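What follows is each chain in one-letter form.
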Amino acid sequence: MTVFTLEHDPPVITLTRRPGVRENLLATPGHLLEHGIELVETDRGGDITYHGPGQLVAYPILDLNRLGLRIHPYMRL
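Everything numeric here is computed off the predicted structure, so don't read it as measured data. (Residues numbered from 1 in each chain as written. Predicted model: local features only at pLDDT ≥ 70, side-chain atom pairs only at ≥ 80, totals over all residues. Heavy atoms only, no water.)

**Student:** In this structure, what is going on with the overall build of the protein? I would like to understand it.
**Tutor:** Tallying secondary structure elements over the protein gives 2 helices and 5 strands in all. Ordering the α and β elements of the protein from the N terminus gives β-β-α-β-β-β-α. Scaling as 2.2 N^0.38, a compact globule of 77 residues should have a C-alpha radius of gyration of about 11 Å, whereas the protein reaches 15 Å, well beyond that. Dimensions of the protein, computed from C-alpha atoms along their principal axes, come out at roughly 45 × 30 × 15 Å. By the burial criterion, 21% of the 77 residues in the protein qualify as buried. The long-range fraction of contacts in the protein, counting pairs at least 24 apart against all pairs at least 6 apart in sequence, stands at 80%. Looking at the protein as shown, the accessible area adds up to about 6100 Å², and 56% of this sits on carbon and sulfur atoms. Distance from the positive charge centre (7 side chains) to the negative charge centre (9 side chains) of the protein: 13 Å. (Helix = DSSP H or I, 4+ residues; strand = E, 2+ residues; numbered from the N terminus. Rg over C-alpha atoms; globule rule 2.2 N^0.38 Å. Buried < 20%, exposed > 50% of the residue type's maximum accessible area, 1.4 Å probe, protein only. Contact = heavy atoms within 4.5 Å. Areas by Shrake-Rupley, 256 points an atom, 1.4 Å probe, with all protein chains shown as cover. Lys, Arg positive; Asp, Glu negative; His and termini not counted. Charge placed at Lys NZ, Arg CZ, Asp CG, Glu CD.)

**Student:** In this structure, what is going on with the sheet that holds strand β3 (residues 38–42)? I would like to understand it.
**Tutor:** Sheet strands pair via backbone hydrogen bonds, and the direction of the pair is either parallel or antiparallel. An order of β3-β2-β4 is seen for the 3 strands of this open sheet, with the pairing classed as mixed. Strand pairing shows two members of the sheet lacking a second neighbour, β3 and β4 (48–51), which therefore form its edges. Taking the axes of each pair of neighbouring strands and ignoring which way they run, one obtains an average angle of 25 degrees across the sheet. As paired strands, strand β2 (residues 12–16) and β3 are joined by 5 bridges and run parallel to one another. Bridging across to β3, Ile13 finds its partner in Leu39. (Pairing = 2+ DSSP bridges. Axes fitted to C-alpha atoms, helices over the stretch in contact; angles between N-to-C directions.)

**Student:** Help me understand a nonpolar patch on the surface in this model?
**Tutor:** A contiguous nonpolar surface patch, about 280 Å² in accessible area, is contributed by Phe4, Tyr59 and Ile61. Overall, the relative accessible area of 30% leaves Tyr59 in the partly exposed class. (Patch = residues over 30% accessible without salt bridge, like charges linked within 9 Å, V, L, I, M, F, W, Y side chains within 5 Å. Salt bridge = Lys/Arg side-chain N within 4 Å of Asp/Glu carboxyl O.)

**Student:** Help me out: how do you make sense of the pattern of salt bridges in this one?
**Tutor:** Applying the stated criterion across every chain yields a total of 3 salt bridges. Arg17 serves as the salt-bridge partner of Glu41, at 3.7 Å between the closest nitrogen and oxygen. Of the two residues, Glu41 is situated in strand β3 and Arg17 in the loop between β2 and α1 (29–34); the sequence distance between them amounts to 24 residues. Look at Arg17 and you get exposed, because its relative accessible area is 54%. The partner of Arg18 in a salt bridge is Asp47, and the shortest N-O contact between them spans 3.4 Å. With a gap of 29 residues between them, Arg18 in the loop between β2 and α1 and Asp47 in the loop between β3 and β4 connect regions that are remote in the sequence. With a relative accessible area of 47%, Arg18 lands in the partly exposed category. Where salt bridges share partners, they join Arg17, Arg22 and Glu41 into one cluster.

Shown next as structure tokens:
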């Protein structure tokens, strides 16, 4: 398994492509631009997530098939 640990700089807000998710974003495009925050659509689950300087994020890279896991049991684990 490989794990990437990093800080996002510039800050970024990721949001899923599910219908209605953008309605949950409270910041205006002008506010995001003013603070240098990128907005990126992603195909991951969830809703909206902020990643910024000072916040350590860990991204595990692993083969779920090799571990005998499916995505939903892995997420619950």
